[in-house]
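Summary of structural features
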Amino acid sequence: MKDFMAISEEQIGFIVNYVEKGGLLVVVLARKEINHPSIESYKLLFEKLRWAVKLENGGRSVSGTSTGNLEIENGGGVVILSWDEATGKSAIDEETMGFIEFKLGLR
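Residues numbered from 1 in each chain as written. Predicted model: local features only at pLDDT ≥ 70, side-chain atom pairs only at ≥ 80, totals over all residues. Heavy atoms only, no water.

Oppositely charged side chains can pair when the atoms bearing their charge come close. Scanning all chains against the criterion turns up two salt bridges. When the shortest N-O distance is used, the salt bridge between Glu 9 and Lys 48 registers 3.8 Å. A residue pair is termed long-range when its members are at least 10 positions apart, and Glu 9 in helix H1 (residues 9-20) and Lys 48 in helix H2 (residues 39-48) qualify at 39 residues. Take Glu 9: its relative accessible area is 55%, and that puts it in the exposed class. In this structure, Glu 40 engages Lys 43 in a salt bridge whose closest nitrogen and oxygen atoms are separated by 3.5 Å. Of the two residues, Glu 40 and Lys 43 both sit in helix H2, three residues apart, roughly one turn of that helix. Under the relative-accessibility criterion, Lys 43 is labelled partly exposed at 28%. (Salt bridge = Lys/Arg side-chain N within 4 Å of Asp/Glu carboxyl O. Helix = DSSP H or I, 4+ residues; strand = E, 2+ residues; numbered from the N terminus. Buried < 20%, exposed > 50% of the residue type's maximum accessible area, 1.4 Å probe, protein only.)

Printed below as a string of structure tokens:
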């Protein structure tokens, strides 16, 4: 993305529905703190997913979980990756890769 963009209420609804019906959402944390007002739309997405995880530090971190792998009711899941993990600068741990493969039906 050239610029940081807000996600609309309609897009949030689509994402929530996808995850609640068993889909896998991969969240990539920001490389540097985002001070743009659009970050609020991502915080709203986290709230609507009905999990106890909150986006913090301008999108650079989350609170409420000790793992980056979150089970959502009805079989859906969320994976939270750091910027370095998502860009290949840092390895994704074995547990997270196993979770991704399981959710994608590869295991």
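That shown, we press on.
What follows is about the sheet that holds strand S1 (residues 24-28). Reading across from one edge, S1-S5-S4 is the order of the three strands in this open sheet, with mixed pairing throughout. Strands with a single pairing partner mark the edges of an open sheet, and in this sheet they are S1 and strand S4 (69-71). Averaged over all pairs of adjacent strands, the angle between their axes in this sheet comes to 15°, without regard to strand direction. One ladder, built from three bridges, connects S4 with strand S5 (residues 77-81); its direction is antiparallel. In the sheet register, Glu 71 faces S5, and the bridge partner there is Gly 77. The sheet contacts of helix H4 (residues 94-103) involve S1, S4 and S5, and relative to S5 the element is tilted by about 145°. (Pairing = 2+ DSSP bridges. Axes fitted to C-alpha atoms, helices over the stretch in contact; angles between N-to-C directions. Contact = heavy atoms within 4.5 Å.)

The next subject is unusual backbone geometry. In this structure, Asn 57 is a non-glycine residue whose phi angle is positive, near 50°. Of note, Asn 57 is situated in the loop between strand S2 (54-56) and strand S3 (61-63).

Next up on the list: the packing of H1 against H2. The N-to-C vectors of H1 and H2 enclose an angle of 35°; their axes lie 10 Å apart at closest approach. Seen along the crossing, H1 lies across H2 with a hand that is right-handed. Across from Glu 9, Ile 12, Ile 15, Val 16 and Glu 20 in H1, the residues of H2 making contact are Ser 41, Leu 44, Leu 45 and Lys 48. The residue inventory of the contact of H1 with H2, partitioned by class, reads five nonpolar, one polar and three charged. (Left-handed = near helix turned anticlockwise from the far one by under 90°. Nonpolar A, V, L, I, M, F, W, Y, C, P; charged D, E, K, R; others polar.)

This next bit is on the nonpolar core. One recurring pattern in soluble globular proteins: nonpolar side chains tend to sit buried together. In terms of nonpolar packing, the biggest core is built from 21 residues, with Leu 25, Leu 45, Leu 49, Trp 51, Val 78 and Ile 80 touching the most fellow members. Those elements that place two or more of their residues in this core are H1, S1, H2 and S5. The contacts of Leu 49, once residues within four sequence positions are left out, are Val 16, Val 19, Leu 25 and Val 78. By size, the runner-up hydrophobic cluster in this structure holds five residues, among which are Leu 24, Val 79, Leu 81 and Phe 99. (Core = buried A, V, L, I, M, F, W, Y, C linked by side-chain atoms within 4.5 Å.)

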